[in-house]
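The chain contents come next:
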Amino acid sequence: MINQYKFEDGPELRDLFITVDDPESHITAIETFITYRVVTKTTRGEFDSSEYEVRRRYQDFLWLKSKLEEAHPTLIIPPLPEKFIMRGMVERFSDEFIETRRKALHKFLNRIADHPTLTFNEDFKIFLTAQAWELSSHKKQGPGLLSRMGQTVRAVASSVRGAVKNRPEMFTEMNNYMETFSQKVNLLDKIAHRIYKEERDYCNEMKEYGPIHTLWSASEEDIGDSLKGLASCIDRCCRATEKRMAGLSEHLLPILHEYVLYSEILMGVLKRRDQIQGELDSKVDALANKKTEKDLFSEEIGKLEDKVERANNALKADWDRWKQNMQWDMRSTFMNVAENNLRYYEECLATWESFLASQTVDLHVDEDSEDRP
Amino acid sequence: MARPGPGSAPARSAAAEPPSPMESTEPEPSGSRPEEEEEEEEEEEEEEEEDESILSPPEQPLAAMEDCLAKKMEITVSEAEKRTGRNAMNIQETYTAYLIETRAVESQSEGQCAPVESLWRRYSEFELLRNYLSVTYPHIVVPPLPEKRADFVWHKLSADNMDPDFVERRRIGLENFLLRVASHPVLCQDKIFYAFLMQEGGWKEMVNETGFQLKADSRLKALNATFRVKNPDKRFTELKHYSDELQSVISHLLRVRARVADRLYGVYKVHGNYGRVFSEWSAIEKEMGDGLQSAGHHMDVYAASIDDILEEEEHYADQLKEYLFYAEALRAVCRKHELMQYDLEMAAQDLTSKKQQCEELATGTVRTFSLKGMTSKLFGQETPEQREAKIKVLEEQIQEGEEQLKSKNLEGRDFVKSAWADIERFKEQKNHDLKEALISYAVMQISMCKKGIQVWTNAKECFSKM
C-alpha cells in the first residue's frame, strides 16, 4: 500500500488517518456487490470518537465525489477508479481488479484528507463515520438529481457564449497546459502498458528458453554442468523480469492512470469555472441593455462577482497545489521505475558474473595454461 | 565482439583485419588462442589441444600439429561481392562471390612478408568441395558449411540471401569452414583442398576428374532408410542417437532464442517512445522540463542499444548453428558405418547360403525347401555332370566370397578405428567450442546488463531533477 504523504502534509501534521481494506462480497437477491472496510483514526475535535470503522461500497464513493464536486465546483477533486476497466478485459470481480480498486479508493480518501479545504467537508465526515443506514438516509436529503442537472444545463447554456473571451489569461494558460498534459499523459499511459505487455511476453519466452538447456545437458557429459548453469541463470533473470513487471503494475501504471483521470477532472474544473464566470458575464450583458432596475441587478452582479473571485482563487490555489503534487508524484514514480530497472539489471549482472566465474575456474583447472580473465 | 571461430571466443583478427598489408603476425589457427601459439610443441605425437589432436593409430599418416596447413598458411575470406552472370542454363542470375586470400607464413626470424595470393569462389564451389571431402573421407566428421539460406530469423533480420548482414555472416562462416579444414590433421593434406585455395581456373574439372561422384553411395543420402543391421558397433549406434538429439535440441534452442530476441527487441524499442513524449511534455513544464528532456534522451539511448546487443547475439547463434550442422556430419559417419556393416552382413549371409547350397548339391540332401529342389523332384534330378558343374561354380563363388568377406571385414574394422579416432577428436573440439560459446554468451549478457545499469542510473539522475 502506498500512502503518499506529500511534503506539505508531513505525517506530524496529520490528524486524520484513513485505511481502506478487507473487500467482502455481498450477495443479495437483486445483485452482488463488494464492500470495503474504511477505518478512520483521528484526533480532531469535530469527530465524536477517535476511531471509526464502517463498510462502504463503490456507489457510496461515487456519491461522496459528486457531493464534493457540488460543494466545491472549482476545486480539484481526486479521481475515483472507474466503474469498469475495459483494457485487459479484467473480470469485474477478479482478485486483481478488486485489489487495484481497493488501492485506488484508499488513495482517493487520503487525498481528500490531505486537501486543506476538502478535509473539512461535512459529507466527507459523514462518509467516514456514519453507519450504513445513517448514510442511506443522509443521501436522500439534499437537492435531487434532476434539479442538479437542471442547474448544470442552464449554466452550460449561458456560459458557452461569454466565458472564453472574458477568461483571465491565467486560466487560458491552464487550459492550454491541460490540453497538452492530457494528451501526453494518455500517451505515457499507453506506452507504460505496452512496456508491461512486452516484458510479459519476453518473460514467457524466457520460461521456455531456460529449460531447453537443461534438456540438452542430459545428452552431454563434459558440458552438461555448464548448460545447467546457463539454464539456471536464465531462470533467475526470468524471475527478475517478473519482479520488474510487478514494480510497473504496482507503481507506474496506477499513477499514470490516476493522472489520466486527473486530466479529465481538471478540464472539468476549468469548464465549471468558465460556467461560473459565464453566469456573471451574461448578467453583465443583460445589465448593459437595461437602463432601469440597475440597483437590483448590481446587487446580483456584486454577488456573482464575489462568486467568480472566490472560484478563481480557489482554483488557482488548488491548481498550484495540484501541480506540486503532480511533480512530486511523477518524480518519485519515474525514479521508482529507474530503480526497478537498476535492480533488475544488477540482479541479472550478478547472476551472469557468478556463472562466468564458475566457468572460467573450470577452464583454469582443465587447461593449466595461461588463460582469459 | 564474439565471432564464431573454431573454439576461439575473442574476435578473430583474421576476419577483422583489412586484407592487406598483412603484418607478419602469428596466424590464428582454428581452435587455439593467440597466446597459446607460443607453446608450439616440437614433437610429432601431441597431447591434444583444441582440435589439433592426433589420437590415431601410428600407421595413419596424419599431419602433426605444426604441419597442419593452418599453421603454414594464413587463410581468410576477406571480401564478398555481388556478381551477375549466366548459369548453366544460360539464364542470368545474381550471386555472391567470396575472395579467398592466402599467405604463406614465414618464420619470424626472416621477418619478410610473403605475397598474398587470392582467388574468388562462390558458395556452390564451397559445396562442391565439401561434397568431395565427405565422399573421399567418409570416416571423418567433415566440417559443415554455413547455412545456404537464412534460417531461425527473428523479425528484424532479413531472410534474404542478398541482405548484407547475411552475406557478412556467411563470409565469416565460410572462412571458419576453411580454417576448420586447414587445421584438420587428415583433411588439410588433401590436394583438391589445396587447389581450392590456390588454383582458380580448372578447379571444378579437377574435382570432377577424381570421379568422387561415383564413389558416393546414394544410400547415404536416403536419410530415413533403415537398414536391418544385426551387429553394429554399439558406440556408433549411441553416437547416431546423440547426433539426432543434438540436432533436435539445438534447433529448438535456436528457434526459441529467435523469439526471445524478438521480445527483447520489443521491450527496448517501446522505451524509445518515452523519449519522444517526455520531450514534448517538457515543453509545457517549467521546473520539470530539463529533467524530462534529458531523461528522454537516455530512453532513446536505451532503445537504440538493443541493435548492437542483438547483432552480437547473432554470432552466438552462428556458433550454435555450426554444431547443429556438425551433428549432420556426425550422423553421416555413423550411417557410413551402418552401411558398411550392412554390406558385410549381407555378404556373410550370401556366403553362408552359397555354402549351404554347395553342401546340399554335394550330399544330395535337401535340407531346406527350395524351388530347385521341388522342380528336380517333379521333373527329375539333374545329371551328375550338371551337378558337378554347379558345384564347381559355387565353389569358385564361395572362394571369391570368402576373400571379399575378409577384405570387407578388414575395411570395416579400419573404418571403425579411424572414424572413432576422428570422433574423439571431434568430441574434444565440440566440448571446448561449446563451452567457450556459453562463456561468450554470459559475457554478452554481462555487457548488456552493464549498459542497462549505466542508462538507468543516468535516467534516475535526470528523474531526480524533475
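Residues numbered from 1 in each chain as written. Chains lettered and ligands numbered in written order. Predicted model: local features only at pLDDT ≥ 70, side-chain atom pairs only at ≥ 80, totals over all residues. Heavy atoms only, no water.

Looking at an unreviewed UniProt entry, one finds chain B named Sorting nexin 4, with Serinus canaria as its source organism. UniProt's Sequence similarities (unreviewed entry) comment on chain B is quoted here verbatim: "Belongs to the sorting nexin family." (UniProt positions renumbered as here; feature names shortened; annotations may be inferred.)

As recorded by an unreviewed UniProt entry, chain A carries the name Sorting nexin 7 and is attributed to Serinus canaria. For the record of chain A, the UniProt heading Sequence similarities (unreviewed entry) holds the text "Belongs to the sorting nexin family."

Caption draft 1: Spotlight on the sheet that holds strand 1 (residues 73-86) of chain B. All names here are of chain B. Spatial strand order, 1-2-3: three strands in an open sheet with antiparallel pairing. Lying at the two open borders of the sheet, with one neighbouring strand each, are strand 1 and strand 3 (117-122). Geometrically, the sheet is characterised by an average inter-axis angle of 25° between neighbouring strands, direction not taken into account. In terms of strand pairing, strand 2 (residues 92-104) meets strand 3 through six bridges, oriented antiparallel. (Pairing = 2+ DSSP bridges. Helix = DSSP H or I, 4+ residues; strand = E, 2+ residues; numbered from the N terminus. Axes fitted to C-alpha atoms, helices over the stretch in contact; angles between N-to-C directions.)

Caption draft 2: Region of interest: the pattern of salt bridges. Counted under the stated rule, the structure contains 53 salt bridges over all chains. Here Asp22(A) ties to Arg55(A) by a salt bridge, and the two come within 3.1 Å at their closest N and O atoms. Within this pair, whereas Asp22(A) is found in strand 1 (residues 16-27), its partner Arg55(A) is found in strand 3 (residues 51-57), the two being separated by 33 residues in sequence. Note on Asp22(A): relative accessible area 35%, which makes it partly exposed. The residue Lys465(B) makes a salt bridge to Glu461(B) at a minimum N-O spacing of 3.3 Å. Connected through shared salt-bridge partners, Glu147(B), Arg169(B), Arg257(B), Glu313(B), Glu314(B), Asp318(B) and Lys321(B) make up one network. (Salt bridge = Lys/Arg side-chain N within 4 Å of Asp/Glu carboxyl O. Buried < 20%, exposed > 50% of the residue type's maximum accessible area, 1.4 Å probe, protein only.)

Caption draft 3: Layout of the interface of chain B and chain A. Of the residues lining the interface, 60 residues belong to chain B; the matching set on chain A comes to 59 residues. Carbon and sulfur atoms make up 72% of the area that chain B and chain A hide from each other, which totals about 5,900 Å². When the area that chain B buries against chain A is broken down by residue, the three leading residues are Arg263(B), Tyr274(B) and Lys435(B), summing to 11%. Put simply, chain B and chain A have seven salt bridges between them. Among the ionic pairs, Arg259(B) bridges to Glu208(A), the shortest N-O distance being 2.9 Å. (Contact = heavy atoms within 4.5 Å. Buried area = accessible area lost by both parts, 1.4 Å probe.)

Caption draft 4: Up close: the packing of helix 6 (residues 169-217) of chain A against helix 7 (residues 224-289) of chain A. Residue and element names in this part refer to chain A. Running from N to C, helix 6 and helix 7 cross one another at 165°; their axes reach a closest spacing of 7 Å. As the angle between them shows, helix 6 and helix 7 are arranged roughly antiparallel. Considering only the axes of helix 6 and helix 7, their crossing is left-handed. (Parallel < 35°, antiparallel > 145°, perpendicular 65-115°, else oblique. Left-handed = near helix turned anticlockwise from the far one by under 90°.)

Caption draft 5: View of the sheet that holds strand 2 (residues 32-42) of chain A. All names here are of chain A. The strand order across the open sheet built from three strands is 1-2-3, with neighbouring strands paired in antiparallel fashion. A strand with exactly one partner marks an edge of an open sheet, and here the two such strands are strand 1 and strand 3. Put simply, the sheet's adjacent strands are angled 20° from each other on average, direction ignored. With seven bridges connecting them, strand 2 and strand 3 associate as antiparallel partners. Residue pairing across strands places Thr40 opposite Tyr52, the latter belonging to strand 3. In the packing of helix 3 (residues 122-129) onto the sheet, the strands contacted are strand 1, strand 2 and strand 3, and the crossing angle to strand 3 comes to about 90°.

Caption draft 6: Fine view of unusual backbone geometry. A positive phi angle, close to 55°, is found at Asp22(A), a residue other than glycine. At Asn90(B), a residue that is not glycine, the phi angle is positive and equals roughly 60°.

Caption draft 7: Region of interest: helix 7 of chain A. With 66 residues, helix 7 of chain A extends 95 Å between its outermost C-alpha atoms, agreeing within 8% with the 98 Å of an ideal straight helix rising 1.5 Å per residue. Of all the bends in helix 7 of chain A, the largest measures some 35° and sits at Ser249(A). (Expected span 1.5 Å × (residues − 1). Bend = angle between axes of the 7 residues up to and from the residue.)

Caption draft 8: Local environment of the confidence of the model for chain B. Residue and element names in this part refer to chain B. For chain B, per-residue confidence averages 80 on the pLDDT scale, and 77% of positions sit at 70 or higher. Taken together, the stretch residues 1-60 has pLDDT below 50 and engages in 141 contacts with residues farther than four places along the chain or on a different chain. Across the predicted assembly, pTM comes out at 0.81 and ipTM at 0.84. (pLDDT = per-residue confidence, 0-100.)

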